[in-house]
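Structural overview for review
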Amino acid sequence: MNDPRSDATNIQWDIRVEGRSWRAGEAMDRYVLTPEKFEMVDGKLLWSDEDREMLLGLLLENVGADRAVRLGDPEVWRAAVAKLEA
């Protein structure tokens, strides 16, 4: 059986400008995607990029893009979006 936490790219994320709470019909489906435990490996949270991407998707759904882009240098966000549009 495939682990639902194995590939964040196969999840239908609902990341919005403003964060949101998960609805009753999706809350447990999202909750089971969370890591079993937090750990640090070689200076990074969690074991793999896949685990980190999964957690990031979950957090972005709750926090929203508007708050996320306020973290760090705005030019970094602009450069990332520009790469998407290229």
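What this report covers is the structure whose coordinates are included nearby. (Residues numbered from 1 in each chain as written. Predicted model: local features only at pLDDT ≥ 70, side-chain atom pairs only at ≥ 80, totals over all residues. Heavy atoms only, no water.)

Time to look at the layout of surface pockets. Here the largest pocket is characterised by a volume of approximately 230 Å³. Surrounding the largest pocket, Ile15, Leu56, Leu59, Leu60, Val63, Ala65, Arg67, Ala68, Val69, Leu71 and Trp77 form its lining. Contributions of two or more residues to the lining of the largest pocket are made by helix 2 (49-63) and helix 3 (65-68). For the lining of the largest pocket, the element with the most residues is helix 2, which contributes four residues. Broken down by class, the residue content of the lining of the largest pocket amounts to 10 nonpolar, no polar and one charged. (1 Å grid on protein atoms, 1.4 Å probe; cavity = no way out; pocket = protein on both sides within 12 Å on 5 of 7 lines; lining within 4 Å. Points joined across faces, edges and corners; volume = space filled by probe spheres on them. Helix = DSSP H or I, 4+ residues; strand = E, 2+ residues; numbered from the N terminus. Nonpolar A, V, L, I, M, F, W, Y, C, P; charged D, E, K, R; others polar.)

These results come straight from atomic positions and should not be treated as a statement about function.
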